[in-house]
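In case you want the letters, here they are:
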Amino acid sequence: MKILEASKIYKSYGNKFNKQEVLKGVDLSIHQGEFISIMGPSGSGKTTLLNVLSSIDKLSNGSILINGQEMTKLKEKQLAEFRKAHLGFIFQEYNLLDTLTVKENILLPLTLSKTSRTVANHKFKEVAEELGIFELQDKYPNELSGGQKQRTSAARAFIHEPSIIFADEPTGALDSKSASDLLNKLSQLNQKRQATILMVTHDPVAASYCSRVIFIKDGLIFTQLNKGNETRQAFFKDIMRTQGVLGGIQHDQ
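In this text the structure is predicted, and so the values were computed from the model without any measurement.

Draft legend 1. Local environment of the overall build of the protein. Helix and strand content of the protein: 8 helices and 10 strands. Taking 253 residues into account, the globule formula puts the C-alpha radius of gyration at 18 Å, and the protein, at 18 Å, falls close to it. Dimensions of the protein, computed from the C-alpha atoms along their principal axes, are close to 50 × 45 × 35 Å. The burial tally for the protein puts 47% of its 253 residues in the buried class. In the protein, the share of contacts with a sequence separation of at least 24, taken over all contacts with a separation of at least 6, comes to 69%. Working note: accessible area of the protein is about 12800 Å², and carbon and sulfur atoms make up 48% of it. Here the protein contributes 32 positively and 27 negatively charged side chains, and the mean placements of these two sets differ by 4 Å.

So, in structure tokens, the structure goes:
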């Protein structure tokens, strides 16, 4: 089942006298349960692509369907409601509210949707235990490590069981152990919940946890890699090789 279908995505900035075209006609389909990463050199358009697909930014031309809903036809209020119900977000800088506890931060999407306290508490316990942060529920963000903050952010993204989760460089501010812990948890949640995740990353190690890697260059999809039955280590080598070609480095076969 297709969760997201994007056709002929264009995005440009500026005006007709000084126009910068960042996305130049991207076509992309994402199926339920996929864990996908988008990679590419700096300035390739990968973050812009994530932003327009997730409705953070408006596209210049094209079509984006999420769960069969044409995103470009929604008015601001409708878009806000759709985002609240169907989309989850994990940002590099966590975006936690310092005045709320871990539990209160995680419960925010359910509070906004007026979910009953009993259901909300059940969902909180489930996702917090899966991400290994249940015991931290009464702590505040300033009492957490970077890895704990990002797992809190991830729990907030998963708790309302969105159609798709958008993750923007989620390991970018983490040390290697915290990054590995987070990616293992995301991979487990992806498999256990059939959660659909689209992640932008510059890190081939992070990308190797995914089932598919999309490489973007100069505003267009350059190529894609599917993990299939490969080990994560073998997939990592494929990603590195493709990155080398993308950057103009040819590897011996």
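Draft legend 2. Here's a closer look at the sheet that holds strand 10 (residues 220-226). Overall, mixed pairing links the 6 strands, which are arranged 6-7-8-3-9-10 in an open sheet. Of all strands in the sheet, those bounded by a partner on one side alone are strand 6 (87-91) and strand 10. Strand-to-strand twist in this sheet, taken as the mean axis angle between neighbours without regard to direction, amounts to 20°. On top of the sheet, helix 2 (residues 76-86) reaches strand 6 and strand 7 (164-168); it is set at about 75° to strand 6, its chief contact.

Reading guide: rules and limits
- Residues numbered from 1 in each chain as written.
- Predicted model: local features only at pLDDT ≥ 70, side-chain atom pairs only at ≥ 80, totals over all residues.
- Heavy atoms only, no water.
- Helix = DSSP H or I, 4+ residues; strand = E, 2+ residues; numbered from the N terminus.
- Rg over C-alpha atoms; globule rule 2.2 N^0.38 Å.
- Buried < 20%, exposed > 50% of the residue type's maximum accessible area, 1.4 Å probe, protein only.
- Contact = heavy atoms within 4.5 Å.
- Areas by Shrake-Rupley, 256 points an atom, 1.4 Å probe, with all protein chains shown as cover.
- Lys, Arg positive; Asp, Glu negative; His and termini not counted.
- Charge placed at Lys NZ, Arg CZ, Asp CG, Glu CD.
- Pairing = 2+ DSSP bridges.
- Axes fitted to C-alpha atoms, helices over the stretch in contact; angles between N-to-C directions.

From the geometry alone we can't say anything about function, so treat these as descriptive.
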